[in-house]
Amino acid sequence: MAKKKENINFEESLRELEEIVRQLERGEYSLDESIKAFQRGMTLSRDLSKVLDDMEKKISILIESESGILKEENFIETGDE
Amino acid sequence: MKYMGELSNNSFSNILTVSQVNRYIKEKMSKDLILTNIWVRGEISNFKNHSSGHMYFTLKDENSLIKCVMFRTYNSYLRFNPENGMKVIIRGYISVFERDGQYQLYAEEMQSDGIGNLHIAFEQLKKKLADEGLFDLAYKKKIPYLPRSIGVVTSSTGSVIRDIINILNRRFYNSVIKIFPVKVQGESASGEISHAIEKLNESGCVDVIILARGGGSLEELWPFNEEIVARSIFKSKIPVISAIGHETDYTIADFVADLRAPTPSAAAELVMPEKLALKSRINELTLRLVNSLLSNIRQKRDRLYKVMDSAAFRQPYDKIYQERMKLDILSKDLRKSMLSRYDRERSKLCLLIGKLDALSPLNILSRGYCIIKSENTGNIVKSVNDVDVGNNLEIQLKDGRLYCVVNDKSS
């Protein structure tokens, strides 16, 4: 099943990280807020990198059985140029 | 010469019924080689699509018309809907509808005369679906930013799927691709394509669907112009990217899809961001994050040092001392001025005392003057008129009193 929740979070998390960096650079935070924002930013950065690395490459072809269930089989790539 | 209405002996024995006449004509016609397989061109008018599924219309040219019928079994193969005013070519046979004594053209095939069936069908379906709102922007779904798995509905052989895989691998080397193989041309293609989309929706195993097919003629791309495919795309909860034919080819699937890519390769590029670009963006943001925190801290620290460096901070009592010194000087001045004032008043007082003293009657007495009081009146005598001869007087001298009697007076 596609992990739809994480999918949405990637884009949102990236936007959130960009916003935090922007505000931190503008100096709009107090010292306390700066530290909190920094911690949140580092967490986001780590999570985002993890998402990118965790994705596993897989190319499969779908076969529908008689009962209508979809099964996956490895796709043999022919003639890779 | 025969009179009109007079029958000859021959014809008298051959009096036919109306039905027989009609049947005779029908049979005559059924033996005619031309009439049994005829091609006719004309313009449709009086078109009626009967509830039975049979189509009744008139085919006409500038001078005359002929009644036509196209039974359901034949017209079900039509790819377009005949309309009044359409110029068509019909293949069929001429026969008689015996009951009405009406000969008509029984159409078995119909095609457009001029523009092309497929074009008409395309325009008709496009208008129909557009009117229903299937192409509206409001229904177009957003393509997910980073799809975890991509469904590709296309032929499992050929260059299209290879190109898509190559580009996806280049941009994001660990993408998950699920291929749903279908026929992409021919009669059964539209059914397979529609089924593929529905099945992917049912299993929910992909985040986005690419519907792809390489270039081809209108006939070859036709499955993507069929209503069943359009409806499946519209119903799909998973976003659909269409990439059919060449850049200039627009199929109905392209109009319904959530996004149209000009080519299958372009679709692969649209669907997946470049992993390297994403990674470097994240790294850049992280670097900026750390730097800006450090600079933030540095700024606050500098402010603190500045404050600590200020006079007020280093010598907090300085002000107090300043004020205290001022106070001391003031109080000294106060004392001084009070003292001098005191002296001044004092000397004023002495002066006054001296004056007073000088004016004191006692002082006067000490100089030899005296105070005379009349014993009779008790008043001080200031004038000779105040006393009479014989009055008793009290004379006060500096050191005592004299008691005298007035002997005589003169003025």
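Details of the structure are given in the entry above.
Just so we're clear, the structure is a prediction, and the values are computed from it rather than from any experiment.

K.L.:
How do you make sense of the pairing of strand β9 (residues 240-244) of chain B when you look at a structure like this?
P.N.:
Residues in a regular strand project their side chains so that they alternate between the two faces of the sheet. Residue and element names in this part refer to chain B. With five of five residues buried, β9 is to be regarded as a mostly interior element. Residues of β9 alternate between two faces, with Val240, Ser242 and Ile244 on one and Ile241 and Ala243 on the opposite face, all of them buried. Relative to β9, strand β8 (residues 208-213) runs parallel, the two sharing five bridges. Residue pairing in the sheet places Ala212 in a bridge with Ala243 of β9. Note: β9 against strand β10 (residues 259-260), two bridges, orientation parallel. Bridging from a neighbouring strand, Ile241 pairs with Leu259 of β10.

K.L.:
What is the right way to look at the packing of helix α2 (residues 31-54) of chain A against helix α12 (residues 275-309) of chain B in this model?
P.N.:
In helix packing, the relevant descriptors are the interaxial angle and the interaxial distance, both defined with respect to the helix axes. Following both chains from N to C, one finds α2 of chain A and α12 of chain B inclined at 165°, their axes separated by 10 Å at the closest point. Judged by the inter-axis angle, α2 of chain A sits roughly antiparallel to α12 of chain B. α2 of chain A and α12 of chain B meet at a crossing whose hand is left-handed. Contacts between α2 of chain A and α12 of chain B involve Leu31, Ser34, Phe38, Gly41, Met42, Ser45, Leu48, Ser49 and Leu52 of chain A from the former and Lys275, Leu278, Lys279, Ile282, Leu285, Thr286, Leu289, Leu293, Asn296 and Lys300 of chain B from the latter. For the contact of α2 of chain A with α12 of chain B, the per-class residue count stands at 10 nonpolar, six polar and three charged.

K.L.:
Teacher, can you tell me more about the environment of Ser13 of chain A here?
P.N.:
Residues and elements named next belong to chain A. Topologically, Ser13 is positioned in helix α1 (residues 4-26). Judged by the 18 C-beta atoms lying within 10 Å of it, Ser13 is partly exposed. Once the C-alpha coordinates of Ser13 and Leu44 are considered, the two residues, 31 residues apart in sequence, prove to be 6.4 Å apart. Setting aside its immediate chain neighbours within four residues, Ser13 contacts Leu44, Asp47 and Leu48.

Reading the values: rules and limits
- By convention here, each chain's residues receive numbers from 1 onward along its written sequence.
- Chain labels run from A onward and ligand labels from 1 onward, assigned in the order the entries are written.
- In keeping with the model being predicted, local features are shown solely for residues with a pLDDT of at least 70 and side-chain atom pairs are shown and tallied solely at 80 or more, while totals for entire chains, interfaces and linings include all residues.
- Each residue is classified by how many other C-beta atoms fall within 10 Å of its C-beta atom, where C-beta atoms are placed from the backbone; a count of 20 or more means buried, 12 or fewer means exposed, and values in between mean partly exposed.
- Secondary structure elements are taken from DSSP: a helix is a run of H or I of four residues or more, a strand is a run of E of two residues or more, and numbering for both begins at the N terminus.
- Strand pairing requires that DSSP identify at least two bridges connecting the strands.
- To get an axis, fit a line to the C-alpha atoms, keeping to the stretch in contact for a helix; angles then go from 0 to 180 degrees between the N-to-C directions.
- By definition in this entry, angles of less than 35 degrees are roughly parallel, angles greater than 145 are roughly antiparallel, angles of 65 to 115 are roughly perpendicular, and the rest are oblique.
- Note: crossing handedness is left-handed where the near helix turns anticlockwise from the far helix by less than a right angle, and right-handed where it turns clockwise.
- For the purpose of contact definition, each residue receives a C-beta atom placed from its backbone, and two residues are in contact when these atoms lie within 7 Å.
- Residue classes follow a fixed rule: Ala, Val, Leu, Ile, Met, Phe, Trp, Tyr, Cys and Pro count as nonpolar, while Asp, Glu, Lys and Arg count as charged, and any other residue, Gly among them, counts as polar.

Note that all results are geometric; they support no functional claim without further evidence.
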